[in-house]
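Residues per chain, in single letters:
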Amino acid sequence: QLQLVESGGGLVQAGGSLRLSCAASGTIFSVNAMGWYRQAPGKQRELVATITSSGRTNFADSVKGRFTISRDNAKNTVSLQMNSLKPEDTAVYYCNADLVTSFQRRLREVWGQGTQVTVSS
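Residues numbered from 1 in each chain as written. Predicted model: local features only at pLDDT ≥ 70, side-chain atom pairs only at ≥ 80, totals over all residues. Heavy atoms only, no water.

Engineer: What exactly am I supposed to notice about the overall build of the chain here?
Structural biologist: Regarding its fold elements, the chain presents zero helices and 11 strands. Expected size for 121 residues packed as a compact globule is a radius of gyration near 14 Å; at 14 Å, the chain falls within 12% of this value. Based on the C-alpha atoms only, the size of the chain along its principal axes is roughly 50 × 25 × 20 Å. For the chain, the residues scored as buried account for 42% of the 121 residues in total. (Helix = DSSP H or I, 4+ residues; strand = E, 2+ residues; numbered from the N terminus. Rg over C-alpha atoms; globule rule 2.2 N^0.38 Å. Buried < 20%, exposed > 50% of the residue type's maximum accessible area, 1.4 Å probe, protein only.)

Structure below.
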């Protein structure tokens, strides 16, 4: 069974920092792109940042210069370092990955369960 397990959310004051981590597990042959998305109450889920297996990154304009994304290909993990947090960053953050299964080499998009990030003003 393929799954992504997130950790690191919580409550922080504006200007503070948090680090989110996500680990992929299961019968995985390889992991392609990994990333983070977020969904605030009453809003659609939106992209925060992605990273390819070769390390190419992409960020939402709203987080450029404040957030960084990194991954460990050997451990199938991805992390999101969030600095200079703002109240508008408050949302449930979801890990996402494109995984290739060991059996039959099928491509599967997998989502984590989400972790709450709350930034107080």
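So, next bit.
Engineer: Just checking my understanding: could you explain the state of the cysteines for this structure?
Structural biologist: Working definition of a disulfide: a covalent bond connecting the sulfur atoms of two cysteines. Here the structure, examined in full by the defined rule, presents one disulfide. The residue that forms a disulfide with C22 is C95, at a sulfur-sulfur distance of 2.1 Å. Judged by the sign of its S-S torsion, about -85°, the bond between C22 and C95 is left-handed. With a gap of 73 residues between them, C22 in strand β3 (residues 18–25) and C95 in strand β9 (residues 91–101) connect regions that are remote in the sequence. Its relative accessible area of 2% is what places C22 among the buried residues. (Disulfide = S-S within 2.5 Å.)

Engineer: Could you clarify how one ought to interpret the sheet that holds strand β7 (residues 67–72) in this entry?
Structural biologist: What holds strands together in a sheet is hydrogen bonding between their backbones, with the strands either parallel or antiparallel. Spatially, four strands are ordered β1-β3-β8-β7 in an open sheet, and the strand pairing comes out antiparallel. The open sheet has two free edges, formed respectively by β1 (3–7) and β7, since each of these has just one partner strand. Averaged over all pairs of adjacent strands, the angle between their axes in this sheet comes to 15°, without regard to strand direction. (Pairing = 2+ DSSP bridges. Axes fitted to C-alpha atoms, helices over the stretch in contact; angles between N-to-C directions.)

Engineer: Help me understand the pattern of salt bridges, please; the structure alone is not making it clear to me.
Structural biologist: Side chains bearing opposite charge may pair, as long as their charged atoms lie close to each other. Tallied over the full model, the rule gives four salt bridges. With a closest N to O distance of 2.7 Å, R38 and E46 form a salt bridge. Owing to a relative accessible area of 6%, R38 belongs among the buried residues under this scheme. One salt bridge connects D89 with R66, and the closest N-O pair in it is separated by 2.7 Å. Of this pair, D89 sits in the loop between β8 (77–82) and β9 while R66 sits in the loop between β6 (57–59) and β7, placing them 23 residues apart in sequence. The two residues D89 and R66 agree in class, both being buried. One connected set of salt bridges, linked through shared partners, spans R38, E46, R66 and D89. (Salt bridge = Lys/Arg side-chain N within 4 Å of Asp/Glu carboxyl O.)

Engineer: How should the nonpolar core be read in this particular structure?
Structural biologist: Inside soluble globular proteins, nonpolar side chains tend to come together where they are buried. Counting 32 residues, the largest nonpolar core has W36, L80, M82 and Y93 as its most contacted members. The element best represented in this core is β9, accounting for five residues. The contacts of L80, once residues within four sequence positions are left out, are L18, R19, L20, W36, V48, A49, F67, T68, I69 and Y93. (Core = buried A, V, L, I, M, F, W, Y, C linked by side-chain atoms within 4.5 Å. Contact = heavy atoms within 4.5 Å.)

Engineer: Would you mind going over the pairing of strand β5 (residues 46–51) with me for this structure?
Structural biologist: A regular strand places its side chains on the two faces of the sheet in alternate fashion. Relative to β5, strand β4 (residues 28–39) is paired through five bridges, and the arrangement is antiparallel. Residue pairing for β5: Y37 is matched across the bridge by L47. What sits between β4 and β5 in their antiparallel hairpin is a turn of six residues, with G42 showing a positive phi close to 75°. The sheet contact formed by β5 and β6 spans three bridges and is antiparallel. Across the sheet, the residue bridging to T50 is N58, located in β6. Counted along the chain from β5 to the antiparallel partner β6, the turn is five residues long, and its residue G55 has a positive phi close to 100°.

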